[in-house]
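# Understanding the architecture of this molecule
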Amino acid sequence: MRRFLPFFFAIPVFLITAQSTASSLLDFDQGVDVRPVIRQAGEIAVPGGDAVSPETIPANADDTVWISISRNDAGALGDELLKRALVGQNDSISIYELKVSGLDPLAAAMQRRFHMSPGFFTHDSLASALEDLSQPPPAAARAFSIDQGEKVAAMLKLVNEDAVTAIISRLSEYKNRYYRSVTGVASSKWIYDHWKELSAGRSDITVTAFPHSAYPQESVILTVRGTIEPDKVVVVGAHQDSTAGGSDKPAPGADDNASGIAVVNEVIRVVAASGYKPAQTLKFMAFAAEEVGLRGSQEIAAGFKKEGVAVQGMLNLDMTNYKGSAEDIFFISDNTNAPQNAFLGKLVSTYTGYNWAATRCGYGCSDHASWTKNGFAASFPFEAKMGEDNPNIHTAKDTLAQMGGRATHSFKFAKLAVAYIVEMAK
Ligand code: BES
Ligand code: ZN
């Protein structure tokens, strides 16, 4: 069957480069809606392509992807989605080969059955998927210390709740930040531009877009070059994408995960405002495509492993603004690094009046898992005890208004993250 796709299909390369150059010919951010023009431009035939909504920048539906998924989950799905495509497994994990067009139905089935979306890792190559069958290499043991009291105290004074609120508000205005949507590309470009602005005038700071060949949303990386040991790298990251199931679905993602990006953004803002220069290199990251299988962070973390980057520690921020439990901050205890988690607990106790506890996610539920899998020490401070977290995520109701219109809870995570970078990158 011949399928027709909007003319849009022909321009993703342009959209991607639009981010890296200052050119704003298609400036979605300024409210110029180019979709009618694109629609008018007619349709072109793309063999094997899927019919798509105008919001979507489609993949070739015939492209192959591989997923790693819990064997139990895959077994319990018990339908036609997976059966014929098994290409490897061990006691707990199965690897399946799928067409790109099979990803969304599978994610929807996982959401219906397990309230996970998608609850599996997506890989661009079979080799990458098969790596999930072996135990991840343990992170190198290291010592943590707390002795930067004066510097941390001065920087904590600059952390500003309103600044955090403003970013959550701005990012949740996009209809969604889906990894294949026009608005998901525009929101990525906004983060890139905003981080450029924040770091203007600092020659030790660079901002780069990290393109992913399989989808149009780009990750964004801001690097503060270390003054003494620049080869040692401390990573603070959050996923930028949001989802309620597709390009055409409203997904403000205020908590999941504008609230994580807003925390990362606030740390960058405080670094710039204070003139702080770390001894080791800091890398702040806005990961693309987390919601569809940790895709952006997996590609970046695997690349760092391959290049032998000396990552000293990774902090993942995902859902920080919904206070669902008595304690303030919960450290996810699985797929994370226990010594670094203990260090973070000490940072909370030393530098803030907040209280903290531990909780389990039960699966590789966010981007920390990509770093752990690649042998790096990763931690994940979370907004609530598991099960008491924000019930509105992945729906049109994940808004700032639903969280009281303020970044009261995220503010605590911004303080922790500032203390973390200063005590790590010394
Ligand atoms: N922010 C969530 C993860 C999350 C949700 C953690 C609720 C704790 C409580 C994240 O964006 C997400 O949706 N993750 C996926 C899994 C991932 C492998 C795509 C999920 O939970 O299904
Ligand atoms: Zn999510």
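Residues numbered from 1 in each chain as written. Chains lettered and ligands numbered in written order. Predicted model: local features only at pLDDT ≥ 70, side-chain atom pairs only at ≥ 80, totals over all residues. Heavy atoms only, no water.

Here we take up the overall build of the protein. Scanning the protein for helices and strands turns up 13 helices and 15 strands. For the protein, buried positions account for 55% of its 426 residues. Restricting to contacts in the protein with at least 6 residues of sequence separation, those with at least 24 account for 82%. If you sum the accessible surface of the protein, you get close to 17,200 Å²; carbon and sulfur atoms cover 53% of it. (Helix = DSSP H or I, 4+ residues; strand = E, 2+ residues; numbered from the N terminus. Buried < 20%, exposed > 50% of the residue type's maximum accessible area, 1.4 Å probe, protein only. Contact = heavy atoms within 4.5 Å. Areas by Shrake-Rupley, 256 points an atom, 1.4 Å probe, with all protein chains shown as cover.)

Ranked by size, the top nonpolar core spans 61 residues in total, and within it Trp 195, Phe 284, Tyr 420 and Ile 421 carry the most contacts. In terms of residues, this core owes the most to one element, helix H13 (residues 408-424), which gives 11 residues. Those residues in contact with Phe 284 that sit more than four places away from it in its chain are Trp 195, Val 220, Ile 221, Leu 222, Val 224, Val 236, Val 264, Val 267, Ile 268, Val 271 and Ile 421. (Core = buried A, V, L, I, M, F, W, Y, C linked by side-chain atoms within 4.5 Å.)

It is worth spelling out the coordination of the zinc ion (ligand 2) at this point. Bound to the zinc ion (ligand 2) are the protein donor atoms Asp 256 (OD), Glu 291 (OE), Glu 291 (OE) and His 394 (NE2), situated 2.1 to 2.3 Å from the metal. Between the 6 donor atoms coordinating the zinc ion (ligand 2), the angles at the centre fall across 58 to 157°, so the site counts as irregular. Donor residues for the zinc ion (ligand 2), ordered by position in the chain, follow D-x34-E-x102-H. Residue Asp 256 is found in helix H9 (residues 254-274), and its partner His 394 is found in the loop between strand E15 (381-382) and H13; the two are separated by 138 residues along the sequence. Its relative accessible area of 4% is what places Asp 256 among the buried residues. Take His 394: its relative accessible area is 22%, and that puts it in the partly exposed class. (Donors = N, O, S within 2.8 Å, 3.2 Å for Na, K, Ca; no water. Tetrahedral: all angles 85-135°; square planar, octahedral: opposite > 155°, others 65-115°.)

On to the sheet that holds strand E4 (residues 86-89). Pairing within the open sheet is antiparallel, and its 4 strands lie in the order E4-E5-E3-E6. The open sheet has two edge strands with one neighbour each: E4 and strand E6 (121-123). The mean angle between the axes of side-by-side strands here comes to 25°, regardless of whether they run parallel or antiparallel. Note: strand E3 (residues 64-70) against E6, 3 bridges, orientation antiparallel. When the bridges of E6 are listed, Trp 66 appears paired with His 123. Lying on the sheet, helix H4 (residues 103-114) is in contact with E3, strand E5 (93-99) and E6; it crosses E3 at an angle near 15°. (Pairing = 2+ DSSP bridges. Axes fitted to C-alpha atoms, helices over the stretch in contact; angles between N-to-C directions.)

Applying the stated rule across the entire model yields 13 salt bridges. Between Asp 248 and Lys 249 there is a salt bridge, with the nearest N and O atoms lying 3.6 Å from each other. Here Asp 248 falls in the partly exposed class, since its relative accessible area comes to 37%. In this structure, a network of salt bridges that share partners links the residues Asp 147, Glu 423 and Lys 426. (Salt bridge = Lys/Arg side-chain N within 4 Å of Asp/Glu carboxyl O.)

The next point concerns the packing of H9 against H13. For the pair H9 and H13, interaxial distance at closest approach is 9 Å and the crossing angle is 50°. On the basis of the axis angle, H9 is oblique to H13. When the axes of H9 and H13 are compared, the crossing they make is right-handed. When H9 is examined against H13, the residues Ser 259, Val 263, Glu 266, Val 267, Val 270 and Val 271 are found in contact with a partner set consisting of Ser 410, Phe 413, Ala 414, Ala 417, Val 418 and Ile 421. For the contact of H9 with H13, the class distribution of residues is 9 nonpolar, 2 polar and 1 charged. (Parallel < 35°, antiparallel > 145°, perpendicular 65-115°, else oblique. Left-handed = near helix turned anticlockwise from the far one by under 90°. Nonpolar A, V, L, I, M, F, W, Y, C, P; charged D, E, K, R; others polar.)

Here we come to the packing of aromatic side chains. Counted by the stated rule, this structure contains 9 aromatic pairs. Judged by centre distance (5.6 Å) and plane angle (70°), the rings of Phe 380 and Phe 382 are edge-to-face. Neither residue differs from the other here; Phe 380 and Phe 382 are each classed as buried. Taken together, the aromatic side chains of Phe 287, Phe 304, Trp 371 and Phe 376 make up a single cluster linked through ring pairs. Directly above the aromatic system of Phe 144 lies the positively charged group of Arg 142, at a separation of 4.6 Å from the ring centroid. The ring of Tyr 354 has Lys 412 lying over it, and the distance from NZ or CZ to the ring centre is 5.8 Å. (Phe/Tyr/Trp six-rings, centres within 6.5 Å; stacked < 30°, edge-to-face > 60°. Lys NZ or Arg CZ within 6 Å of the ring centre and 35° of its normal.)

On to the environment of Phe 331, then. The residue Phe 331 is located in strand E12 (residues 329-332) in this model. Expressed as a C-alpha distance, the spacing of Phe 331 and Ala 384, which sit 53 residues apart in the sequence, is 9.1 Å. If we skip the residues at most four places from it in the chain, Phe 331 touches Leu 344, Gly 345, Val 348, Trp 356, Ala 357, Ala 358, Thr 359, Phe 380, Pro 381 and Leu 416.

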